[in-house]
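Survey of secondary and tertiary structure
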Amino acid sequence: MSKLKKWGKAFKVNHRAFVTIAKEFPHFIFHSIVETIWTSLTPYVSIYLSALLLEELSTNKNPDKLIKLTLILLISSAVIELITKLIGLWEASFYRGSWDKIEHIRDIKVKEL
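Residues numbered from 1 in each chain as written. Predicted model: local features only at pLDDT ≥ 70, side-chain atom pairs only at ≥ 80, totals over all residues. Heavy atoms only, no water.

Looking only at helices and strands, the protein chain has four helices and zero strands in total. Starting at the N terminus and ending at the C terminus, the protein chain contains elements arranged as α-α-α-α. Over its C-alpha atoms the protein chain spans a radius of gyration of 23 Å, topping by over 25% the 13 Å that the globule rule assigns to 113 residues. Taken along its principal axes, the extent of the C-alpha atoms in the protein chain is 70 × 40 × 15 Å. Taking all 113 residues of the protein chain together, the buried fraction comes to 15%. A separation threshold of at least 6 residues defines the contact pool for the protein chain, and within that pool the share at least 24 residues apart is 69%. (Helix = DSSP H or I, 4+ residues; strand = E, 2+ residues; numbered from the N terminus. Rg over C-alpha atoms; globule rule 2.2 N^0.38 Å. Buried < 20%, exposed > 50% of the residue type's maximum accessible area, 1.4 Å probe, protein only. Contact = heavy atoms within 4.5 Å.)

Right, dumping it as structure tokens:
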């Protein structure tokens, strides 16, 4: 069997598994999308605020603005970490008991083959 046929067969099997899980657990897809977006965007908040802080340090050195930017950076980091933990709890509550359901669906689908 050529590599292209192997890839095609693997794609079909993975696509079928994805569609089956999406039908049975639509919130799984939503959770995955939310978690991916959150995880990919949160580092940019800290980078942007750090850049503002460095710019202020290198130019004006206004103490009031430095304190304000530092507090915003610290508070935003705490809020980001809190939301990340809440998403993790959401994920844990989803997976609690779901694995047995997924294995049951897998067993049914294997028997259908």
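From this point on, the discussion continues.
This next bit is on the nonpolar core. Taken as a class, soluble globular proteins show a tendency for nonpolar side chains to be buried jointly. Listed in full, the five residues of the largest apolar core are Leu 49, Leu 53, Leu 66, Leu 69 and Leu 73. Of all elements in the fold, only α2 (26-58) and α3 (63-95) reach the threshold of two or more residues within this core. Looking at which element gives the most residues to this core, the answer is α3, with three residues. For Leu 49, the contacting residues outside a window of four places in its chain are Ile 72, Leu 73 and Ser 76. (Core = buried A, V, L, I, M, F, W, Y, C linked by side-chain atoms within 4.5 Å.)

In this model α2 runs 50 Å from its N-terminal to its C-terminal C-alpha over 33 residues, within 8% of the 48 Å that 1.5 Å per residue would give. Among all positions of α2, only His 31, Thr 42, Leu 49, Leu 53 and Glu 56 are buried. (Expected span 1.5 Å × (residues − 1).)

A separate point is a nonpolar patch on the surface. Judged by side-chain polarity, Ile 67, Leu 71, Leu 74, Ile 75, Val 79 and Ile 83 come together as a nonpolar surface patch covering roughly 540 Å² of accessible area. As for its position among the elements, Leu 71 is in helix α3. (Patch = residues over 30% accessible without salt bridge, like charges linked within 9 Å, V, L, I, M, F, W, Y side chains within 5 Å. Areas by Shrake-Rupley, 256 points an atom, 1.4 Å probe, with all protein chains shown as cover. Salt bridge = Lys/Arg side-chain N within 4 Å of Asp/Glu carboxyl O.)

We now examine the packing of aromatic side chains. Tallied over the full model, the rule gives one aromatic pair. Each ring, one from Phe 30 and one from Trp 90, has its centre 6.0 Å from the other, and the planes form 65°; the classification is edge-to-face. With a gap of 60 residues between them, Phe 30 in helix α2 and Trp 90 in helix α3 connect regions that are remote in the sequence. Among the residues examined, Phe 30 registers a relative accessible area of 51% and is labelled exposed. (Phe/Tyr/Trp six-rings, centres within 6.5 Å; stacked < 30°, edge-to-face > 60°.)

Attention now goes to the environment of Glu 56. Counting through the fold element by element, Glu 56 comes out in helix α2. Note on Glu 56: relative accessible area 4%, which makes it buried. Once the C-alpha coordinates of Glu 56 and Phe 11 are considered, the two residues, 45 residues apart in sequence, prove to be 51 Å apart. Here Glu 56 is in contact with Lys 61, Asn 62, Lys 65, Leu 66 and Leu 69, once residues within four sequence places are set aside.

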